[in-house]
Amino acid sequence: MDQHSVDRPDEVIDFNSIKPNTLPHDKKYHIFLSYKTENRDRRIAIQIDRLLRGKGYQCCLHERDFLPGNAIVDNIDKNIERSIKVVFLLSENSSASEWCQYELTMTETFHIQNKGYKPIILKLDQCKLPDAIKRYTYLSADRPTEEWIGRLALAINDETDHLITNRRNIKFVPVPCMNYNRDKEHKLSTCRYPHICAKYIINDAECTGSCGKNHNLVTNQSREILVDVGFITDGNYDSLLETYRQKCKEKLADMAKNGVTGPCCYYNYKGCLLGDFHCPFTHICKDWFIGTCVKLNCTLSHDILNAHTKRLLKIFDIDTTNDKTAILNKYRAKYPHKKFITMKESVSTRTFLKENLLYVVVIVFIIVFFVKTYGLSI
């Protein structure tokens, strides 16, 4: 038997004994039916709609329920959002349909990242499984309807994979602990951020595992934190991980939009773990930013217009076409969390001495040496 299939000839579920779950107040449909409008596919979709509606289920059929005059994409997005689940009728026809593939993508985007329900796959023929569907268990519909319609109704009613229910919203997104990722000692008993590798969660390149950090999102330490803020950790782990990753990325993006951020602590430590695109902090030397960097060969950026920092400055509504010193001063003035050494448009003697301290010391030493050796007077 195909390992993906849950259809068992000797186990027929009594469809007549099943009743639909109550619709939440913000939902109009129990299911959104995704299918290709071909003779056989359409016939099965209409048959499913008729049987389910006869039991009290509310089903969305695009040819009946889409609002005329609206863009197709808008109709799809709106009605998937108004449905608890999506039933995807998989066939050679739907696999080749651009609209069916878009509906599958929207299902994953909305339900997995925001609501937690995966698509229900009803396989109509012996078509090849698309890569996007291979990870899901499907229900075969290659036998008489009465042998699988009860199992389909059970799948529609199932709430065990609902990562974020309508009764439990995520109140706060605790990103991976900064101190843990910087190997900085802190009080573990009061830390309210998951001790998990930040690069593994947020960086699109992900971490290979050689970092030595934890790559398991549900540990004794993190489980309590996630549950307290609204995540459900006893459902499907892959859905939880995907949702947490997405929520962390959204939170980081909002940080730069909602307030002026400073130099990245990861960048100033051992390199940024979050990746250039997702990191909401500027990739510049923090000491140079506050006016105290005295390293002659500082390996960190002293360029206020490096690509990553320039992108963030535009988000901070700072004009990046001005002189670099003026841009830096504007950025410093907008950043509310530090006190700075005043930086003038031209380099002051104090700043010059700090940035070239080693050279100054060497020159003074040479002068003193010659004075003592040869009795020269200054």
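Residues numbered from 1 in each chain as written. Predicted model: local features only at pLDDT ≥ 70, side-chain atom pairs only at ≥ 80, totals over all residues. Heavy atoms only, no water.

- The name given to the protein chain in an unreviewed UniProt entry is TIR domain-containing protein, with Mytilus galloprovincialis as the source organism.
- UniProt, in the comment section headed Subcellular location (unreviewed entry), describes the protein chain in these words: "Membrane". (UniProt positions renumbered as here; feature names shortened; annotations may be inferred.)

## Here we look at the overall build of the protein chain
Phase 1 of the analysis: Per the secondary structure count, the protein chain includes 15 helices and five strands.
Phase 2 of the analysis: Counting across all 378 residues of the protein chain, residues that qualify as buried make up 43%.
Phase 3 of the analysis: Considering only intrachain contacts with a sequence separation of at least 6, the fraction spanning at least 24 residues in the protein chain is 64%.
Phase 4 of the analysis: In the form shown here, the protein chain has an accessible surface area of approximately 21000 Å², with 52% of it arising from carbon and sulfur atoms. (Helix = DSSP H or I, 4+ residues; strand = E, 2+ residues; numbered from the N terminus. Buried < 20%, exposed > 50% of the residue type's maximum accessible area, 1.4 Å probe, protein only. Contact = heavy atoms within 4.5 Å. Areas by Shrake-Rupley, 256 points an atom, 1.4 Å probe, with all protein chains shown as cover.)

## Notes on helix H6 (residues 149-157)
The α-helix advances 3.6 residues per turn, and as a result positions three or four apart in sequence lie on the same side.
Phase 1 of the analysis: Most of H6 sits out of view: seven of its nine residues are buried.
Phase 2 of the analysis: Residues of H6 that are buried include every one of Ile 149, Gly 150, Arg 151, Leu 152, Ala 153, Ile 156 and Asn 157, and no others.
Phase 3 of the analysis: The inward-facing, buried residues of H6 abut strand E1 (29-34), helix H1 (39-54), strand E3 (83-90), strand E4 (120-123) and strand E5 (138-140).

## Focus on the packing of aromatic side chains
Phase 1 of the analysis: For the structure shown, the criterion picks out seven aromatic pairs.
Phase 2 of the analysis: Between Phe 172 and Tyr 193, the ring centres sit 6.4 Å apart and the planes meet at 70°, which makes this aromatic pair edge-to-face. Here Tyr 193 lies in the loop between helix H7 (178-181) and helix H8 (198-202) and Phe 172 lies in the loop between H6 and H7, a separation of 21 residues in the sequence.
Phase 3 of the analysis: With a relative accessible area of 34%, Tyr 193 lands in the partly exposed category.
Phase 4 of the analysis: Taking 6.0 Å as the distance between ring centres and 20° as the angle between the ring planes, the aromatic pair formed by Phe 316 and Tyr 331 counts as stacked. Here the residue Phe 316 occupies a position in the loop between helix H12 (307-315) and helix H13 (324-334), and Tyr 331 occupies one in helix H13, the gap between them amounting to 15 residues. Accessibility assignment for this pair places Phe 316 and Tyr 331 in one class, buried.
Phase 5 of the analysis: Members of the aromatic cluster, each reached through a chain of ring pairs, are Phe 289, Phe 316, Tyr 331 and Tyr 335.
Phase 6 of the analysis: A cation over an aromatic ring shows up here: Lys 213 above the ring of Tyr 180, its NZ or CZ 4.7 Å from the ring centre. (Phe/Tyr/Trp six-rings, centres within 6.5 Å; stacked < 30°, edge-to-face > 60°. Lys NZ or Arg CZ within 6 Å of the ring centre and 35° of its normal.)

## Considering the pattern of salt bridges
Phase 1 of the analysis: The full count for this structure, using the stated rule, is twelve salt bridges.
Phase 2 of the analysis: Arg 192 serves as the salt-bridge partner of Asp 228, at 3.0 Å between the closest nitrogen and oxygen. A residue pair is termed long-range when its members are at least 10 positions apart, and Asp 228 in helix H9 (residues 220-228) and Arg 192 in the loop between H7 and H8 qualify at 36 residues.
Phase 3 of the analysis: According to the relative accessible area criterion, Asp 228 is partly exposed, its value standing at 43%.
Phase 4 of the analysis: Under the relative-accessibility criterion, Arg 192 is labelled partly exposed at 37%.
Phase 5 of the analysis: Through salt bridges with shared partners, a single ionic network connects Arg 40, Asp 41 and Asp 125. (Salt bridge = Lys/Arg side-chain N within 4 Å of Asp/Glu carboxyl O.)

## Focus: the pairing of E4
Phase 1 of the analysis: Judged by which residues are buried, E4 turns out to be covered on both faces: Ile 120 and Leu 122 on one side and Ile 121 and Lys 123 on the other are all buried.
Phase 2 of the analysis: Here three bridges tie E4 to E5, and the two strands are oriented parallel to one another. Bridging from a neighbouring strand, Lys 123 pairs with Ser 140 of E5. (Pairing = 2+ DSSP bridges.)

## Topic: the layout of surface pockets
Phase 1 of the analysis: Considering only enclosed or pocket space, the second largest pocket measures out at about 300 Å³ in volume.
Phase 2 of the analysis: Only H7, H8 and helix H10 (237-258) provide two or more residues apiece to the lining of the second largest pocket.
Phase 3 of the analysis: Per-element accounting of the lining of the second largest pocket gives the leading share, three residues, to H10.
Phase 4 of the analysis: Of the residues contributing to the lining of the second largest pocket, the split by class is 13 nonpolar, two polar and one charged.
Phase 5 of the analysis: When we break the lining of the second largest pocket down by domain, the ones giving at least three residues each are domain 2 (178-258) and domain 3 (266-334). (1 Å grid on protein atoms, 1.4 Å probe; cavity = no way out; pocket = protein on both sides within 12 Å on 5 of 7 lines; lining within 4 Å. Points joined across faces, edges and corners; volume = space filled by probe spheres on them. Nonpolar A, V, L, I, M, F, W, Y, C, P; charged D, E, K, R; others polar. Domains from an automatic or database assignment.)

## Side note on the side chain of Asp 49
Phase 1 of the analysis: Tracing the backbone shows Asp 49 in helix H1.
Phase 2 of the analysis: Residue class for Asp 49 comes out buried when judged on its relative accessible area of 6%.
Phase 3 of the analysis: What Asp 49 contacts, discounting residues up to four positions off in sequence, is Leu 33, Cys 59, Leu 61 and Arg 64.

## Things to note about the environment of Ile 121
Phase 1 of the analysis: When you line up the elements, Ile 121 lands in strand E4.
Phase 2 of the analysis: Ile 121 sits in the buried class, given a relative accessible area of 2%.
Phase 3 of the analysis: Apart from the residues within four sequence positions on either side, Ile 121 is in contact with Phe 88, Leu 90, Ile 133, Tyr 136, Tyr 138 and Leu 139.

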